[in-house]
Structure formats: C-alpha cells, structure tokens
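# Residue-level structure breakdown
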Amino acid sequence: MFRLMGKDLRILSRSRLLVLTLILYPALVALLIGLALSRPPEQPKIAIVNNIPRDVPVTTLAGSTIDPAAVGDALAKNLDAVPVATRAEAAKLVKNGDVLAAVILPDDINDRLSATINLFGGTPPEIEVLVNGSDPVKARYVKSVVDARIADANLAISTKLTKVVASYLTKLLKGGAFTFGPIHIDVLGLQESRKRINEAVRRLPEGSAQRKRLQAVAEFAGLAVDNLDGSANGIVSAVSQPLVAKTTSVDGHNTPLATFAVATAAIISLMLVALMLGAALLALERTEHTYARLVRGLVRPEELVGSKLLLAGGLGAVVSFALLGIVSLFVPLDWGSAQSWLLALLLGGAAFAALGIALAVLARDVETATLLAFALALPLAFLALVPQNAVSAGLYDVIRVISACFPFKPALEGLQRGLEGDKLAGPALHLLGLTAVYAVAARLGLRRLRT
Amino acid sequence: MCADAHAGESETDEPQVILRATAVRKSFGSRVAVSDVGLELRRGEALAIIGPNGAGKTTLLEILAGAQRADSGTVERPKSGVGWVPQRLSLYTRLTVLENLRLFAQLEKVPAPADAVRRMLALTGLEERAGDPVSTLSGGNRQRVNVAIGLLSDPAVLLLDEPSAALDPRQRARFWSVVDRVLAARRAVIFTTHDVAEAARHATRLLVLADGEQLFAGPAADLVAQSGTAPGADLETSVVSFLQASGH
C-alpha cells in the first residue's frame, strides 16, 4: 500500500502546476480569510442631502433642546457620508454605484418634529432613502445599514423625549412651570396639593360628608405622590427602551463568527483537495490501463482503495492544516487544541477522499471523475450551509438528510468543535461511517475500472 | 467451474508442458467470448493466437494471465508465474522507465529488484533511456518497457496481446528481437496478432479462434493444408479460406 502511495506521490510531484496549486491555494485562501476577519469592515459610503436649514430654531421642550439639524449629524455617524446638494445629484451617484445609497433629509423636519413632540398632531418627519435596485443583495444590505442609522437617530430623540417626560412627571409631583411653545402654565404639584387638601380636611368637622369626600381626594393624591416619587425617571426610561436582548445558545455551542468562517474555509479546501485527488488518483489507474495489471495478484483491490484514500485524505488534511496555520497569524486560534483540528481534518479528509474514489469508480476516467467531483462539491457545501428557518421546515428536513449523506456538514462541525477544544465524538463517528460506506461502494464497483 | 493450478516443470530433452488450459469457457452476459478452448505450451515454444476481431483472443489471453476468471475449465500455470503484456500500454507515463520497472519489481516481490530491473533494461536495450519519463518515449520504446514489466519476475511463459500493433516496421523488428531473446532463454511465448505473416514468422504453432470457438491448433503448414487453397498460397490467404470454410 505504501509503495502505491509513494508512486502516486511521485506522479503528483511531477505536475508542477498541481504542486504549486497545493502550496499556493491554502496560502492565498488563508491570507484572504485572515485579512477579511482581522480588518474591520469599511464604513458604508452614503450620500446625504441635508435640506434642513442651518439657522432653523431649535425645538425647546421643558428646558431641553432638540436640534433638528443634529438629526443629519446623527445619521452620518458610523457612515462614510458624502454631502450632496440635491436629490438629483444623489440619485446619479447611487445609480453609478459611487455610493451605496442616499439619504434625503426634508427641509420641514423642524416643523414636523416640533408638532410630533408637542403632541399637536400631523405626520412625523419623513426621511427618503435612495437605493440601487439592480443588485438585490446590496439593496438589502443598504436598507439594513440605513434602518440601523435611522433607529440610532430615533433613539437619540426618544432619549431626549424621555428626559422631557420625566421632567414633566417631576413637575407634576413637585410643581413648576410648563412651556408649550408660547403657552406657559404654572402647576401646583401633587405634593403641595396633598398638603393643602390635608390642611382643608383638618379644618372640616369630624364626620361631615364634605370632609369624607375631601379625604378621598387626599388619599388619591397621597397614592399618586407615593408611586411617582422617585420612580418616575425609571418608569419612563423603561418605556423608552422596553426590550433588551440577551442571547443564549441552547445547543451548547456558541461559535464565534470568525471561528465559523475559518472552519468553513478550511473544510472547503479539504473538500476540494481530498475529493478531487481521490477521484483523480483512482481514475488514473484506468486511464493508464494499469488497474488490470495491478489487481492481477500484485495488489489487493482493498489495498488500492486504501492507498488512494490515505493519500488523498492525508494531503487534503495537510493543506487545510497549513491553511489554519496561516490564518492563525491573523485570527487568534487555540494551538493547544491543534491535535483536535488535525484529527477532525484527517477524518474529514478520509470521508471526502472515499467519496472521490466512489465517484472515480462511477466516472472511470480522470477528466469525468474530477469534473463530477467538482460539480458535486459546491452544491453540497452550499446545502450544508443553508441555515435553519432560511427555507421551509419540510425543505430544510430534506436538506438535512442530503447533507447527512455527504461529509461536508459533519466535517465542518468536527472542525468547529476541534477549534473550540470540544469533543469530536459525534462528527467523528458520522465521518467514519460515511468513509466506510463510500469505501465499500467503491470496492464493490471497482471491476468497472477493468475495461 | 474454473480451477487454476501449477503445471509441472522439468529440464528434460523433451520439453514438458508448462502451461495448460482445458475446456476454458467465458461469457459476458449472453455473449460467449471463449467457448471450450484448450491448449498446451512447452518451453521454447511460441504460440500465435489469430482470428478476426471479437474472436476472443484478448479474453483468452487475460484468462491465461489470471487477469480474468473463466466461467469453467482449468488453467495450469508454471510455478514461476506468467508474464502478461496487455494490449494497451499498462504503465505510468509520468514516471521514468526506471521508476516503472522498480515499482513493478517491488510489487511483484522479485527477490532482487535492482538486478531484475538492470536485466530488463539490458534485455530491452533501454539503459540509456532509463531516466526518461515514459511519456517522452516513442511507441516502440514504450512497448519495450511494457514487455520488460511483464518479464520482471522472470516468468516461464510470456503472454503478449497484439504487441506490435502500434509499431512501425523498424520498431517491430527491434521488438521481435527482444522476444527472440526471451525464447532463447527457454521461456515460452503466446501472442495474439492480426498480422498472419508475423504469426508465421515468429510462432512455432497457431491457434485460430473465431466467435470464441477454437477452430484450429497446430503448425502453420497443417493449416495451409487444411484450408484447401492452391499449392504455394500464402498463409493469410489460407487463413481467410479456412475461416470461410468453417462458416466465419
């Protein structure tokens, strides 16, 4: 078996292009992934047409000010904002792809914002967003970016409003002056009201009907004072941001995105190398007409399958391990669990190689076998990466069954666990099972290589 | 039922049978490829198997080589084994001549692989091309490497399947000089060919197959005599006439 492996290794080494690919491929992929994961994403480039007059009076509410012009500044935060004078100019930039989108702030934002805040009615300020609809993926990304920025601006305004409302409640409790535009109102406050009612109650005769009625008012005032005193700010703050998300992973794995991306890249490399080498190495024996000569007593068919499986799977694992090594220069990986990575890669490599060998038996010649392997590899990887709830439940069940029949998903899960230092038992057994099934299928169909 | 066994070997004046096939039969589905074929081969003999396309020549040779199992019949081979040179070149074109010979010598478990490889390079006259990749060799030289691989284990019998089909006359002459050296070393050779003149030149006996059936086995002169052709007719004319007379 080792003589056959040595022979195959020598044949592989004779192809400079293949050797170069095997060395450069992991290096380049690792470099790309490393750079992509280690550098923060650039700020999205958005054109902003700010029609809000700079000299517009600020909206004042209970001593708190909301500057409508600052809304534009809030929107531009965390964006690469490109100031543009007109809507037409902005539309042109979006159409040409110079910016991802354009945001147009209306000139009546102050009036509408004041009306909304002072509860005078009318529609809230409307911000127009221009996107390029020719690329649905980009349009979706832009929408999420702009929505997030608008949510930030809304939150900034609502935080100020929360303070205003809290100050209103304090004034209701302790008394003070309210200002609604030009109107000024002085209020007594619940604490002072209760005090004065209690004084009036004490002056009324015991048991009189008037005293009883006034006592009911005093009790209500006391209740209001007790519940509003000290808790007004807390209540209003809770209303301004009532929901807080806390994420908990229920299956025990909370894989960071970087680890998932690294594992996916390594498994795709493993798949391409092991699957295609497995297919090519076995099909080569038929293309060179050596199969019949070998199995005529020189080599047992099981040895032939085993040698291809070990070499293709092993080379795939080495290439992917090298890829992880280079990625670790950019993304921190725990080298303490490197043995687990290697084990996961070896098991995955064996399963992919066995599948490639089975495909070689099916296709028989090198060109068809490698083409079949490549054509099968990409959809399988795609299917294995379809997230739950991205498709209907029934379709997802079908995808799960298909993915379970091929090595990509268990190999990915195994490597993720390896990278996180977890146990590999489940994925390892799955991969061993698949390797055995494919290897037996290849062995049974090996006679096809005779002719 | 098919049984493989070892034929006896001894060094007496009357060469013993070193390869014997009895009532060998092989079918592929409903198509009978070889039907009740029997033959015997002695040291120093060269047997040519001739017949039209689809006659079963390659299948019979593969059965004799052990590359295919017969459905029924027996094949007795010499203890030293049978060297087989398939119709198509069966070697690794990206490896050098030396690497191919060394690999197959190791896989054949030849006792002294390096010596065997050196011997084969000398026999085939390929010493100077030993370091060249097979892909750079001419068709004739590739065929010589193919034959050398078949002879690595020093077998008593060499089976050659249409060995000169792709060779030009000069390459063919070189190739047969190698086979002559094999025969001179008291080995036996069975070869298939479409070239009746070549069969007449290099074979001591002929075996004629058609549609899997064995129609004739014996010296070429007997075939000419049985064919009913006019005196002085060449072997090719006689074979064609013989096949027609046999209903093929």
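In case you missed it, the structure is sitting above this.
This text gives an overview of the structure that appears in the document. Everything quoted here is computed from the prediction, not taken from an experiment.

Looking now at the overall build of chain B. If you tally the helices and strands in chain B, you get eight helices and 10 strands. Pairs at least 24 residues apart make up 69% of the contacts formed inside chain B by residues separated by at least 6 positions.

So, on to the overall build of chain A. Along its length, chain A carries 17 helices and eight strands. Going through the 451 residues of chain A one by one, you find that 33% of them count as buried. In chain A, the share of contacts with a sequence separation of at least 24, taken over all contacts with a separation of at least 6, comes to 76%.

Listed per partner, the contact involves 14 residues of chain A and 18 residues of chain B. Those elements giving two or more residues to the side of chain A that touches chain B turn out to be helix H1 (2-13) and helix H11 (291-295) of chain A. A per-element tally of the side of chain A that touches chain B places H1 of chain A first, with four residues. Of the residues in the side of chain A that touches chain B, the class split is four nonpolar, three polar and seven charged.

Another aspect to go through is the pairing of strand S2 (residues 17-28) of chain B. Residue and element names in this part refer to chain B. Where S2 meets strand S3 (residues 31-42), eight bridges bridge the pair, whose relative direction is antiparallel. Pairing of Val24 across the sheet is with Val37, part of S3. As paired elements, S2 and strand S5 (residues 72-78) share four bridges and run antiparallel to each other. Across the sheet, residue Arg20 finds its bridge partner in S5, namely Glu76.

Another point: the sheet that holds strand S6 (residues 128-131) of chain A. Residue and element names in this part refer to chain A. Within the open sheet, the four strands sit side by side as S4-S1-S5-S6. Their pairing is mixed. Both edges of this open sheet fall to strand S4 (80-83) and S6, since each of them pairs with a single strand only. Averaged over all pairs of adjacent strands, the angle between their axes in this sheet comes to 25 degrees, without regard to strand direction. Both strand S1 (residues 45-50) and strand S5 (residues 101-105) contribute to a ladder of five bridges, which runs parallel. Bridged to Ala47 within S5 is Ala102.

A separate point is helix H2 (residues 97-107) of chain B. Residue and element names in this part refer to chain B. The buried fraction of H2 amounts to nine of the 11 residues, a majority that puts the element mostly inside the structure. By the burial criterion, the buried members of H2 are Val97, Glu99, Asn100, Leu101, Arg102, Leu103, Phe104, Ala105 and Leu107. Looking one or two residues past H2, Lys109 carries a phi angle of roughly 55 degrees, positive in sign.

With that settled, the discussion passes to unusual backbone geometry. Positive phi outside glycine occurs at Arg364 of chain A, with the angle close to 80 degrees. With 18 C-beta atoms packed within 10 Å, Arg364 of chain A lands in the partly exposed category. In this model, Lys109 of chain B sits at a positive phi of 55 degrees, which is unusual for a non-glycine residue. With respect to the helices and strands, Lys109 of chain B occurs in the loop between H2 and helix H3 (113-124).

With 149 residues, the main nonpolar core has Ala279, Ala354 and Ile357 of chain A together with Leu64 and Leu159 of chain B as its most contacted residues. Of the residues forming this core, the biggest block, 20 residues, is contributed by helix H10 (residues 257-287) of chain A. In this structure, Leu64 of chain B is in contact with Leu19, Ala21, Val75, Val82, Leu159 and Ile190 of chain B, ignoring residues within four places of it in sequence. Ranked by size, the runner-up nonpolar core spans 21 residues in total, among them Val94, Leu105, Leu130 and Val146 of chain A.

A separate point is the packing of H2 of chain B against H3 of chain B. Residue and element names in this part refer to chain B. Taken N-terminus to C-terminus, the directions of H2 and H3 make an angle of 135 degrees; their axes are 9 Å apart at the nearest point. By the angle between their directions, the pair H2 and H3 is classed as oblique. Here the hand of the crossing between H2 and H3 comes out right-handed. Within the contact between the two elements, H2 uses Leu98, Leu101, Arg102, Ala105 and Gln106 and H3 uses Pro113, Ala116, Val117 and Met120. A breakdown of the residues in the contact of H2 with H3 according to their chemical character gives seven nonpolar, one polar and one charged.

All names here are of chain B. Locating Ser241 in the fold gives a position in helix H8 (residues 235-245). Judged by local crowding, Ser241 falls into the partly exposed class, with 18 C-beta atoms found within 10 Å. For the pair Ser241 and Gln226, spaced 15 residues apart in the sequence, the C-alpha separation amounts to 9.5 Å. Look past the residues within four positions of Ser241 in its chain and what remains in contact with it is Ser227, Gly228 and Thr229.

Residue and element names in this part refer to chain B. The terminal C-alpha atoms of helix H4 (residues 139-151), which comprises 13 residues, lie 19 Å apart, in line with the 18 Å expected from a rise of 1.5 Å per residue. Along H4, 11 of the 13 residues are buried, which leaves the element largely enclosed by surrounding structure. Listed in full, the buried residues belonging to H4 are Asn141, Arg142, Gln143, Arg144, Val145, Asn146, Val147, Ala148, Ile149, Gly150 and Leu151. Buried residues along H4 sit in contact with strand S6 (82-85), H2, H3, strand S7 (157-161) and helix H5 (169-184).

Below, the discussion takes up the packing of H4 of chain B against H5 of chain B. What describes two packed helices is the angle between their axes and the distance between those same axes. All names here are of chain B. Relative orientation of the contacting elements H4 and H5 amounts to 15 degrees, with a least axis distance of 9 Å. Classified by the angle their axes make, H4 and H5 are roughly parallel. The crossing of H4 and H5 is right-handed. Contacts between H4 and H5 involve Gly139, Gly140, Gln143, Arg144, Val147 and Leu151 on the former and, on the latter, Gln171, Arg174, Phe175, Val178 and Val182.

As a further point, take the environment of Pro83 of chain A. All names here are of chain A. For Pro83, the location among the structural elements is in strand S4. A tally of 11 C-beta atoms within 10 Å means that Pro83 is categorised as exposed. Along the sequence, Pro83 and Ala47 sit 36 residues apart, while their C-alpha atoms lie 5.8 Å from each other. Among residues more than four places away in sequence, those in contact with Pro83 are Ile48 and Asn50.

What counts and how
- Residues numbered from 1 in each chain as written.
- Chains lettered and ligands numbered in written order.
- Predicted model: local features only at pLDDT ≥ 70, side-chain atom pairs only at ≥ 80, totals over all residues.
- Helix = DSSP H or I, 4+ residues; strand = E, 2+ residues; numbered from the N terminus.
- Contact = placed C-beta atoms within 7 Å.
- Buried ≥ 20, exposed ≤ 12 C-beta atoms within 10 Å, placed from the backbone.
- Nonpolar A, V, L, I, M, F, W, Y, C, P; charged D, E, K, R; others polar.
- Pairing = 2+ DSSP bridges.
- Axes fitted to C-alpha atoms, helices over the stretch in contact; angles between N-to-C directions.
- Core = buried A, V, L, I, M, F, W, Y, C linked by C-beta atoms within 7 Å.
- Parallel < 35°, antiparallel > 145°, perpendicular 65-115°, else oblique.
- Left-handed = near helix turned anticlockwise from the far one by under 90°.
- Expected span 1.5 Å × (residues − 1).

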